[in-house]
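Fold and geometry: a report
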Amino acid sequence: MGEWALSSDRLRTPLFNVKKGSEELQPISWDSAFLIFRDALRGVQRDFGTDKVLVFEFAGTRGIINRFFPYRFFNKVNASFVKHNLCDAGGDEALKDVYGTSVGLSPEDVEGSNLVVYWGMNPVKTNLHGYSFFKRRGFEIGVVDVRKSETARNANYFLKISPSSDLHLALLLSKILVEKGLYAEDFVLKNSIGFDAFRDYLKGLSFSTLTDRCGVTYEEAENFARVFFERKGIIHIGYGFQRSQDGPMAVAMISYLPFLVGHLPGFIYNMDVGLDKEYVKGSHLRSCENNFIYQSDLAEAIENGDVKFLFIYNANPLVTNPNVNRLKRAILNNNVFVVTHDLFLTDTALYSDIVFPAKSFFEYFDIVDSYYHQYVGINEKVFEGWGMSNYELVRKLANYFGYSDPELQEDERNIAKEVLKPVDINIDQLSKKGYLKVERKFQIGTPSGKVEFVSRRRKKRNIPDFPDISLERIELKQERFPLRLLSLTCDKTITSQYSNTLGEVDARVFINPKDAETRGLVEGERVNVFNDKGSIFTTVHIDDSLPQGSVVMFKAFWPSITGFTVNELTDDHTVKEFGSQAAYHDTYVEVMKVP
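Note that the structure is a prediction, hence the values are computed from the model and not measured. (Residues numbered from 1 in each chain as written. Predicted model: local features only at pLDDT ≥ 70, side-chain atom pairs only at ≥ 80, totals over all residues. Heavy atoms only, no water.)

Structural notes on the overall build of the chain
For the record, the criterion: Helical segments are the DSSP runs of H or I of at least four residues, strand segments are the runs of E of at least two, and each set is numbered from the N terminus. As defined in this context, the radius of gyration uses C-alpha atoms, and a globule is described by 2.2 Å times the residue total to the power 0.38. Only protein chains enter the calculation, and the probe is 1.4 Å; a residue is then buried if its accessible area is under 20% of its type maximum, exposed if over 50%, and partly exposed in between. We call two residues contacting when some pair of their heavy atoms lies within 4.5 Å. Note on areas: Shrake-Rupley with a 1.4 Å probe; residue coverage comes only from the protein chains shown.
For the chain, the helix and strand inventory stands at 24 helices and 26 strands. Taken against the 2.2 N^0.38 rule, which gives 25 Å for 595 residues, the C-alpha radius of gyration of the chain at 25 Å falls within 12% of a compact globule. Referenced to the eigenvectors of the C-alpha coordinate spread, the extents of the chain come out at roughly 70 × 65 × 45 Å. When burial is assessed residue by residue, the chain has 58% of its 595 residues classed as buried. Sequence-distant contacts, at least 24 apart, represent 78% of the contacts inside the chain between residues at least 6 apart. Approximately 24100 Å² of the chain is accessible, and the part contributed by carbon and sulfur atoms is 47%.

A closer look at helix α8 (residues 166-179)
Rule in force here: Multiplying one less than the number of residues by 1.5 Å gives the expected span of a helix.
Taking 1.5 Å as the rise per residue, α8 with 14 residues should run 20 Å; its terminal C-alpha atoms sit 20 Å apart, in good agreement. Here α8 lies mainly inside the structure; 13 of its 14 residues are buried. Following α8 by one or two positions, Gly181 adopts a phi angle in the positive range, close to 70°.

A look at the side chain of Asn567
To keep things clear, this is the line we draw: Two N or O atoms form a polar contact when they lie within 3.5 Å of each other; inside protein one atom must be a possible hydrogen donor and the other a possible acceptor, and for residues adjacent in sequence the pair counts only when both atoms belong to side chains.
Here Asn567 is to be found in the loop between α24 (559-562) and β24 (574-575). Classification of Asn567 by relative accessible area gives buried; the value is 3%. A distance of 2.9 Å separates the side chain of Asn567 from the backbone oxygen of Val319, its partner in a polar contact. Excluding residues within four positions of it along the chain, Asn567 makes contact with Val319, Thr320, Asn321, Pro322, Asn323, Val324 and Tyr584.

A closer look at the environment of Gly215
Within the secondary structure layout, Gly215 lies in the loop between α11 (207-214) and α12 (218-230). Given the relative accessible area of 46%, Gly215 is considered partly exposed. On a C-alpha basis, the gap between Gly215 and Pro163 in space is 9.2 Å, while along the polypeptide they are 52 residues apart. Leave out the neighbours within four places in its chain, and Gly215 touches Lys160 and Ser162.

Describing the pairing of strand β26 (residues 587-593)
The test is simple: What makes two strands pair is DSSP finding at least two bridges between them.
The buried fraction of β26 amounts to five of the seven residues, a majority that puts the element mostly inside the structure. Sheet analysis places strand β19 (residues 483-488) next to β26, joined by three bridges and oriented antiparallel. Bridging from a neighbouring strand, Leu485 pairs with Thr587 of β26. In this sheet, β26 lies alongside strand β21 (residues 526-531) in antiparallel orientation, the contact comprising four bridges. Following the sheet pairing, Val527 is matched in β26 by Lys593.

Overview of the sheet that holds strand β3 (residues 53-57)
Applied cut-off: Simply put, an axis is a line fit to the C-alpha atoms, just over the touching stretch for a helix, and the angle between two N-to-C directions goes from 0 to 180 degrees.
One open sheet holds the eight strands; their spatial order is β2-β1-β14-β13-β12-β3-β4-β11, and the pairing between them is mixed. With partners counted over all chains shown, the strands left at the sheet margins are β2 (25-27) and β11 (292-294), one partner each. For this sheet, the mean angle separating the axes of adjacent strands, direction not counted, is 25°. Across five bridges, β3 lies against strand β12 (residues 309-313) in parallel orientation. If you follow Leu54 over to β12, its bridge partner there is Leu310. Sheet contacts for helix α3 (residues 64-76): β3, β4 (80-83) and β12; angle to β12, the most-contacted strand, approximately 160°.

Overview of unusual backbone geometry
That bond from Leu264 to Pro265 is cis: its omega, -5°, falls within 30 degrees of zero. Following the sequence through the fold, Pro265 ends up in the loop between α13 (247-260) and β10 (267-268). Of note in the backbone geometry, Asn78 takes a positive phi value of approximately 60° without being a glycine. Inspection of the secondary structure assignment puts Asn78 in the loop between α3 and β4. With a phi close to 50°, Lys232 is a non-glycine residue in the positive phi region. Tracing the backbone shows Lys232 in the loop between α12 and β9 (234-237).

Laid out in structure tokens, this is it:
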């Protein structure tokens, strides 16, 4: 981490881009950069309208002030914002349909169980603290995944499934639990509505169809279901697998499993302890209704003229967005002014007109929360560093625009006090301890006040409560692109963060031995991974842990360093009925040896 924060590649001064997409960036003064920013934004407001200014951001370091304080300035100018649909929007919607909330268990609140199932997760690499927490408490570990990951290799129970068959396995396990009487019937009937309809639906499903679809034998599924019932298992639901057409509904069906064995809730997915993040955003500064654009629709919005000024922070969309070649073309071929605030010269920065140097989280104050647990932490400055934090930058911008609203200059510790008020945490106590726990009980948020197998919320969106698995999905693959591409998280990065300081990356394509043999591929040789969106040249690794018909590549390496990002190939369609969830894993490719 020190190599990253103290890297000699850190940006020290603002940059002006002579030619987007090149490395012809010239250092300029802060004053010049602010003036160019001001004149460009005002020009877009005058010529195109203020809604053509778009703010593109994401969670960053989970620092609440530095994530949301920039909203105040851009609310003042009536800018548009992104809706977040790249990560977990689909599962979030699916869980709200069932429970009225996507906030589930805190790991410390698990009771009456000694089995945790990691579904579509590899916590040995991505959630080591949580994994170790359960191991120390003597929990058995179950894993559901498409490959034998590091976690699966050491698990007590492992089900290897076909890609995007999570829905079918969840239904298979539910059918076994219900029809074998391996469920808490009185508990379920008391705490839910629509269970009879769900039970009838399961009766109509064929065991053979479900096992064929998910690639798990009936015996394997029954053994797993029995253990799950006997141990009263809970499930930590991963985010990755929901990024496909059936993924969001799979999240809903998976969440029923721990409920069936007597937990409410029995899933770990998201956490929100109730901090006042809306206070930080300053929405009252707007003088017109807000406009939103989905993250994955950025290229289309630019092509359609809906974005003429783009401000990017806490994000690297030219690496992480799907179909990034389309996004690059959109930026180069349309009259859009791009500003990026980052620590490094990312690929997004290379396609920007102005680049502002940012500070790392070692260099500013903030309040942080977690996706996973109920603790709130304080982030104190360690050293001065370079550049400006998001908080500092927009305060300066407000001055250059002549805005006198006190909210645009509010002291960060005063903001922190307001953020902490709803959870009754004193800022001085937090500063002294470093972190404090917020005790917050799970609350059902459905209209019925119960778990909904028949969901009123789904009905409003015209979504059937139970999927018709007899209907084959229209496959996105073509005869010339038969391999499903799964883009997984690298164990040394957080999406694209830290890619530039790794020193080395695993940029290979992983392929099943039978698929390799069919194509005449041998270990380590040079190959071309391609589809109609792009082409990647890399080396091949033959991996017998992968299912046939699929290939794996790690996501979010920087093209400016590695030569490519897997998102040059990923599809940019979305699951519109579930928060327009980006469906990265509905991508198909072919792999050929390079002559």
